[in-house]
Amino acid sequence: CALPISPVENNLWRQMVSLLEKISGEKIVYGLLFLLPIFAVTVRHWVSSIFGVLALLSLVLLYLQRKQATELFREEKILLWGFAVYFGVFIFTSVINGWGPSQTRGTGVEIRFLMFVPIYLVIRQMGDAAKWLVTGSVLGVVLTAYDGVRVIFFTNADVYRGAV
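These notes cover the structure that comes with them. (Residues numbered from 1 in each chain as written. Predicted model: local features only at pLDDT ≥ 70, side-chain atom pairs only at ≥ 80, totals over all residues. Heavy atoms only, no water.)

For the structure shown, the criterion picks out 3 salt bridges. When the shortest N-O distance is used, the salt bridge between Lys77 and Glu71 registers 3.7 Å. For Glu71, a relative accessible area of 61% translates into the label exposed. When the shortest N-O distance is used, the salt bridge between Arg150 and Asp147 registers 2.5 Å. Pair noted here: Arg150 and Asp147 are both in helix α6 (residues 129–154), with a separation of 3 residues, about one helical turn. (Salt bridge = Lys/Arg side-chain N within 4 Å of Asp/Glu carboxyl O. Buried < 20%, exposed > 50% of the residue type's maximum accessible area, 1.4 Å probe, protein only. Helix = DSSP H or I, 4+ residues; strand = E, 2+ residues; numbered from the N terminus.)

Written as structure tokens, this is what we have:
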């Protein structure tokens, strides 16, 4: 017995998709790719947040572009199927060995392999994605070096521990 979707929920979904089309999901993806390496080295736990937003946005963008088929190279297909098989093996072995708290905690890490697939498919269609990712990486390295010098020389710490 499926629950009926109320008109309010359906309206909300339409408004979100309409807003995404207006803003241009591509610009959001570029921004997230730029921020990913910066926050990876400066703010703790933000990598997971940005990755999650990127994954959800990629699913929406793939849904909006579902009529445009993307032809993948053989190697890309092998890589993407490898991620899917890896996740499947994790679920299968976890169920066989008895699902416990460690499997529940580990699922968040393992699902990233599966969520990489839609992210890759969206990024592959964007020409400037690598430029934004590399630019963010360079800025992340500069910020990390600055923070390391600041911590070691101005706070007299023995060791730089990064984004703690």
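On to helix α2 (residues 25–42). Counted at 1.5 Å a residue, the expected span for α2 with its 18 residues is 26 Å, and the 25 Å between its end C-alpha atoms agrees. Maximal helix bending in α2 amounts to about 30°, located at Leu36; proline Pro37 follows within four positions. Burial in α2 covers these residues: Gly25, Val29, Tyr30, Leu32, Leu33, Leu36, Pro37, Ile38 and Phe39. (Expected span 1.5 Å × (residues − 1). Bend = angle between axes of the 7 residues up to and from the residue.)

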